[in-house]
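Structural overview
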Amino acid sequence: MSILVYISTTGGKIKRSALEVLSHCREQAAANNSEVAAVVLDADATSFTETLQSYGAKKIYTVSNPVFKTHLNAPITEALLKVIDQAKPSVFACASTEGTKDIIGALAAKTGAATLPDVANFELTSDGVSALRPVMAAKILSQNTASGDLVLVSVRSGSYDASQSPVVSETIAVDYSPSDFAQVLREVLSSAGDKVDLSEANVVIAAGRGIKDEAGKKLIEDLAESLGGAIGASRAVVENGMFPATAQIGQTGKVVSPELYFAIGISGAVQHTAGMSNSKVIVAINKDADAPIFQMASYGLVGDLYKILPILTEEIKKIRN
Ligand SMILES: Cc1cc2nc3c(=O)[nH]c(=O)nc-3n(C[C@H](O)[C@H](O)[C@H](O)COP(=O)(O)OP(=O)(O)OC[C@H]3O[C@@H](n4cnc5c(N)ncnc54)[C@H](O)[C@@H]3O)c2cc1C
């Protein structure tokens, strides 16, 4: 059994979710007398080797090419196939991000591997992987197993803690020049106000239908600024045009797993909680004491958000100053 972990990067940094998967795979490898390898693709992939070493990757495959400055499915798939062919892992694991959702199907089709996407946890078995997958908007956890020469698995963010465990690593630079692809990614547009990447944020301030107007939106922005957090939203306030579609959290939006999640004026519909239930600490602010969100909240404030938020933000600013 050998595990190869794909390390996604963004803006010159390794994604937290990738380090979570690497940490778990390192523990799984140790428990199964095996070793974990990592693969990183970037314009300068070697710049990440020190970090990967500190998280316990015994072998680090680096593929450096300017084409990886932005996310483009075809070269990522092509380069990963090359590394899979060279490393011959029995399990290929990655964080379940929008980027990896784009490529895991292609990898499965090209390699013929069994695939378990978007799992909440997994462990190695004698001939593959056993995993729990949230299904039906995370109402049900389904136990799945997959076996074969190669199993692909992607893991929801926040499922494991990223923990360091330094090792001496071997670094293998893989030669790669992209084929002549028809597609070119010219520009990545981020929506205005996206100061912090929602999927990777440590603090998320999420707004729901309780936010009724621009004044309410400003209260959310002020709280987010005071905590250096990212702004998220329920589908209700995306559909009414108050927040951008990129902010939507839930079954049909993003999955987030911050240390601290504020659900403000959000009832806690299962389609919403499917995207944030892995948050470590959940603070709910809602005027309805029976709102379902309180059942999963670590802290609950029952009251009018228009009265609570100005005081809360003011106090946070005082403490932070
Ligand atoms: C197939 C499908 C997919 C879906 N995908 C998603 C998804 O990805 N993400 C998502 O979020 N939803 C999704 N939904 C919609 C979901 O079912 C809910 O309708 C939605 O999450 C409700 O958003 P909300 O909590 O903001 O609104 P509501 O359910 O209307 O709740 C608003 C809350 O605000 C409180 N409130 C109102 N005024 C105040 C105030 N002044 N102070 C304090 N509290 C106040 C109310 O008490 C209430 O609890 C999906 C639905 C379907 C059918």
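Each residue is numbered by its place in its chain's sequence as written, counting from 1. Owing to the predicted nature of the model, reporting of local features is limited to residues with pLDDT of at least 70; listing and counting of side-chain atom pairs is limited to 80 or more, with chain, interface and lining totals taken over all residues. Side-chain metrics rest on all non-hydrogen atoms present in the structure, leaving aside hydrogens and water.

This brings us to helix H3 (residues 73-87). At 3.6 residues per turn, the α-helix brings residues three or four places apart onto the same side. Put simply, DSSP H or I for four residues or longer makes a helix, DSSP E for two residues or longer makes a strand, and each gets a number counted from the N terminus. Here the expected length of a helix is defined as 1.5 Å per residue gap, with one fewer gap than residues. The terminal C-alpha atoms of H3 lie 21 Å apart, and with 15 residues this matches the ideal 21 Å at 1.5 Å per residue to within 8%. Contact between two residues is taken to exist if any of their heavy atoms lie within 4.5 Å; hydrogens are not considered. Contacts made by the buried residues of H3 are with strand E1 (3-7), strand E4 (36-42), strand E5 (59-64), strand E6 (91-95) and helix H4 (98-111).

With that out of the way, let us pick up the site of the ligand. For this purpose, a residue is taken to be near a molecule or strand whenever a single non-hydrogen atom of the residue falls within 4 Å of it. In the region of the ligand, 26 residues are neighbours, and Arg209, Ser234, Thr252, Ser267 and Asn286 sit closest. For the purposes of these results, a polar contact is taken to be a pair of N or O atoms within 3.5 Å, where, inside protein, one atom must be able to donate a hydrogen and its partner to accept one; residues adjacent in sequence count only when each atom of the pair is a side-chain atom. Taking asparagine 286, its side chain carries an N or O atom lying 2.7 Å from an oxygen atom of the ligand. Method for areas: the Shrake-Rupley scheme with a 1.4 Å probe, in which residue coverage is limited to the protein chains shown. Expressed as a share of its isolated accessible area of 990 Å², the protein-covered part of the ligand is 77%. Only helix H6 (235-239), helix H7 (270-273) and helix H9 (305-320) provide two or more residues apiece to the shell around the ligand. For the shell around the ligand, a count of residues per class yields six nonpolar, 14 polar and six charged. Each residue receives one of three labels: charged for Asp, Glu, Lys and Arg, nonpolar for Ala, Val, Leu, Ile, Met, Phe, Trp, Tyr, Cys and Pro, and polar for the others, Gly being one of them.

This paragraph deals with the pattern of salt bridges. Pairs may arise between side chains of opposite charge once their charged atoms sit close together. Any Lys or Arg side-chain nitrogen located within 4 Å of an Asp or Glu carboxyl oxygen qualifies as a salt bridge. Summed over the entire model, instances satisfying the criterion amount to eight salt bridges. As a salt-bridge pair, aspartate 222 and lysine 218 come within 2.9 Å of each other at their nearest N and O atoms. Of this pair, aspartate 222 and lysine 218 both sit in helix H5 (residues 214-227), four residues apart, which is roughly one turn of that helix. Aspartate 222 gets classed as partly exposed once you look at its relative accessible area, which sits at 22%. Only protein chains enter the accessibility calculation, which uses a 1.4 Å probe; a residue whose area is less than 20% of its type maximum is buried, one above 50% is exposed, and one in between is partly exposed.

The next subject is the domain arrangement of the chain. An automatic or database domain assignment provides the domain bounds reported here. As far as domains go, the chain holds domain 1 (3-173) and domain 2 (198-320). Once you take the C-alpha centre of each, domain 1 and domain 2 turn out to be 30 Å apart. Counting residues at the interface gives 12 residues for domain 1, matched by 14 residues for domain 2. Taking both partners together, domain 1 and domain 2 bury about 1100 Å²; carbon and sulfur atoms supply 38% of that area. If you sort the residues of domain 1 by the area they bury against domain 2, Arg16, Ala137 and Ser157 come out on top, with a joint share of 47%. The interface formed by domain 1 and domain 2 holds one salt bridge in total. Simply put, the buried area is the total loss of 1.4 Å probe accessible area from both parts when two parts are fitted together.

Over its 16 residues, H9 extends 21 Å from the first C-alpha to the last, a length consistent with the 22 Å expected when each residue adds 1.5 Å. Its buried side turned inward, H9 meets H5, strand E15 (260-264), strand E16 (281-286) and strand E17 (299-302). The opening residue of H9, the one whose side-chain oxygen lies 2.9 Å from the backbone nitrogen of tyrosine 306, is aspartate 304.

Think of a sheet as strands paired side by side through backbone hydrogen bonds, with each pair either parallel or antiparallel. Between any two strands, pairing holds if DSSP finds at least two bridges. The parallel open sheet is built from seven strands, whose spatial order is E7-E11-E6-E1-E4-E5-E12. With partners counted over all chains shown, the strands left at the sheet margins are strand E7 (114-119) and strand E12 (170-173), one partner each. Taking each pair of neighbouring strands and ignoring which way they run, the sheet shows an average axis angle of 20°. Across five bridges, the pairing between E6 and strand E11 (residues 151-155) is parallel. Among the inter-strand pairings, valine 91 is bridged to a residue of E11, identified as valine 151. All axes are obtained by fitting lines to C-alpha atoms, using only the stretch in contact for helices, and the reported angles, taken between N-to-C directions, cover 0 to 180 degrees. Where H4 meets the sheet, its contacts fall on E1, E6, E7 and E11, and the angle it forms with E11 comes to roughly 170°.

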